[in-house]
Amino acid sequence: MDLKGLTAVELGKKIQAKEVTVKEAVEACFAQIDKVEKEVNSFVSLQKEAALKRAEEVQKLIDDGTLTGPLAGVPVAIKDNMCTEGVTTTCSSKILSNFVPTFSAEAVLNLEKAGAVVIGKTNMDEFAMGSTTETSYYGVTRNPWNLGHVPGGSSGGSCAAVAAGECAYALGSDTGGSIRQPSSFCGVTGIKPTYGTVSRYGLIAYGSSLDQIGPVGKNVADCAALLEVIAGHDPKDSTSLERNDLDFSKSLEEKKLLGMKFGVPKEFLAKGLDPEVKDSFMNVLKTLTEQGAIVEFFSVETMEYMIPAYYIIASAEASSNLERFDGVKYGYRAAEYEGLHDMYKKTRTEAFGEEVKRRIMLGSFVLSSGYYDAYYLKALRTKALIKKEFDQAFEKYDVILAPAAPYTAPKIGESLKDPLAMYLGDIYTISVNLAGLPGISVPCGKDDNGLPIGVQLIGDCFNEKKLIQTAYAYEQARGKFE
């Protein structure tokens, strides 16, 4: 039986039906990792021995009826910015290359309670700062569809691992599109939930008001099942929300699109959008209308301010969050220095990458005296305007549609030549984070080079169920993606 071809939910059903053991599922993942990992480089670390031991424990709990959930026994990969007790957590950086947490992130604990088996930590852009997974201290992750291209970022390792069959599903984090964009590039499905739906406790922060953990899977059903497991209120996280509507998998029962209203921002289809991506996106609109949905175009007047507002806010929060990495309490420390300040300077100079330094400097600048009002406060006001504009749009539309990225996966080395161009690649995803909205990326086509293209569906706050139902209905109408 080819286990790597199964979705997470399909594999979970076979484990519950005793057709496959948990050990066999774990061994199948490591067999595929042995086969492709040298080329793809999805993982920063692997925990084979611990995973096999955990597989035996989970199998006993399944056999005695304790664990009956859809993901019990299914191997999972975790993005390496989520703390895992006793396992190195590096954020793909040099400065945290020797950091071993004494606790696990709440999302990871929830997965383990559900019977998932963690097989390893996935590669990412350093401290989640990047859109290609090329800024990692541990080397570039390659796109399984074409090894000469990037998988996207910053959750590129998680998305590439799922696309390469190294695991059925994974956890990622999304600050400005870091789940949805690499999902689009790798031909997988990824959800960024409403801000506060999944606990950020144990997630090493990039931009605290924007970060959100979310699922990556082979299809919508996988993502719904995983989101159901990791979502929930956590008193350890002050931004965590209390919600009673977390049975996301029930949304899959409703497949109809008849009468639903979809809004498409006209500005998202203007200059800068690759013609092949646009063609695939227009085919999505055609599919939806054929299913009885109503599609209308509307204007988003704040679009030109989204990129500047996002990078000012994210960089400001990053400069504050990364202040703790100084070589004093944990992580890398420079070998030679004279005095405390020299130790700070040399440690950070040696251990932070170029992109991280760039964003720390930008963030420190916009928070500095004389520039705080001119830049940071103005960006916060712009963020409020963006949220208001989306609120008005959701008074008319059930779901907003947009491309997940303006182009397909670039070749390795192209994006880092021009950081500003890389920042502009986030144009369709950042608004979701600024407004705290849920969004999902679903494969919708391929370009002439065979690289995947994703469509993004955006919902109003707390409307993940409608989003999942709609994405699932489109997925069923689209047919199998391969």
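Further up the page is the structure itself.
Every chain begins its residue count from 1, and numbering advances along the sequence as written. Restriction of local features to residues with pLDDT of at least 70 applies here, the model being predicted, together with a cutoff of 80 or more for giving and counting side-chain atom pairs; totals for whole chains, interfaces and linings are based on all residues. Where side-chain values are given, they derive from all heavy atoms of the structure, hydrogens and water being excluded.

Q: Mind showing me how you'd approach the packing of aromatic side chains here?
A: Any aromatic ring pair is given by two values, namely how distant the centres are and how the planes are angled relative to each other. When two rings of Phe, Tyr or Trp (its six-membered ring) have centres within 6.5 Å they constitute a pair, described as stacked for plane angles under 30 degrees, edge-to-face for angles over 60, and tilted for the intermediate range. Applying the stated criterion across every chain, the model contains 16 aromatic pairs. Look at Tyr-372 and Tyr-376: their rings are 5.4 Å apart centre to centre, the planes differ by 45°, and that puts the pair in the tilted class. One end of the pair is Tyr-372 and the other is Tyr-376, both in helix 12 (residues 372-394) and four residues apart, which spans about a single turn. Exposure is judged per residue with a 1.4 Å probe applied to protein chains only, and the accessible area is read against the type maximum: over 50% gives exposed, under 20% gives buried, and values in between give partly exposed. Note on Tyr-372: relative accessible area 34%, which makes it partly exposed. Here the aromatic cluster, defined as three or more aromatic residues joined through ring pairs, consists of Phe-99, Phe-127, Phe-325, Tyr-330 and Phe-352. Remark: a charge is flagged as sitting over a ring if the NZ atom of Lys or the CZ atom of Arg is within 6 Å of the ring centre and within 35 degrees of the ring normal. Directly above the ring of Tyr-344 sits Arg-348, whose terminal nitrogen or CZ lies 5.5 Å from the centroid. Seen from the ring of Phe-481, Lys-446 lies directly overhead, with NZ or CZ sitting 5.5 Å from the centre. Note on conventions: DSSP H or I runs of at least 4 residues are helices, E runs of at least 2 residues are strands, and numbering of each starts at the N terminus.

Q: Can you walk me through the sheet that holds strand 2 (residues 75-79) in this structure?
A: Two strands in a sheet stick together by hydrogen bonds in their backbones, pointing the same way (parallel) or opposite ways (antiparallel). Two strands qualify as a pair provided that DSSP identifies no fewer than 2 bridges between them. The strand order 1-3-2-4-6-5-10-11-9-7-8 describes an open sheet built from 11 strands, whose pairing is mixed. Two strands in the sheet have a free side with no partner beyond their single neighbour: strand 1 (43-46) and strand 8 (294-298). Adjacent strand axes in the sheet meet at a mean angle of 30° when their direction is disregarded. Judged from the seven bridges that link them, strand 10 (residues 439-446) and strand 11 (residues 452-458) form a sheet pairing that is antiparallel. Across the sheet, the residue bridging to Ile-440 is Leu-457, located in strand 11. Its contacts with the sheet place helix 12 against strand 8, strand 9 (399-403) and strand 11, and it is angled at close to 120° to strand 9. Helix axes are fitted to C-alpha atoms over the stretch in contact, other axes to C-alpha atoms as well, and angles between N-to-C directions run from 0 to 180 degrees. It only takes one pair of heavy atoms within 4.5 Å for two residues to be counted as in contact.

Q: Help me out: how do you make sense of the side chain of Asp-222 in this one?
A: Counting through the fold element by element, Asp-222 comes out in helix 7 (residues 220-230). Buried charge without a salt bridge: Asp-222, with Lys-218 as the nearest opposite-charge side chain at an N-O distance of 6.6 Å. Once residues lying within four places of it in the same chain are set aside, the contact partners of Asp-222 are Thr-7, Ala-8, Val-9, Ala-168 and Gly-217. In this charge count, Lys and Arg are treated as positive and Asp and Glu as negative; neither His nor the chain ends contribute. When a carboxyl oxygen of Asp or Glu is within 4 Å of a side-chain nitrogen of Lys or Arg, the pair counts as a salt bridge.

Q: Honestly, the nonpolar core in this entry has me stumped. Any pointers?
A: In summary, soluble globular proteins display a tendency toward joint burial of nonpolar side chains. Buried Ala, Val, Leu, Ile, Met, Phe, Trp, Tyr and Cys residues that are joined via side-chain atoms within 4.5 Å together make up what is termed a nonpolar core. Judged by nonpolar contacts, the single largest core of 143 residues is most densely connected at Leu-111, Phe-127, Tyr-169 and Ile-230. Top element by residues in this core is helix 9 (residues 303-321). It accounts for 11 residues. Beyond its immediate stretch of four places on either side in the chain, Phe-127 contacts Cys-91, Ser-93, Ile-95, Leu-96, Ile-204, Tyr-206, Leu-322, Phe-325, Phe-352 and Val-356.

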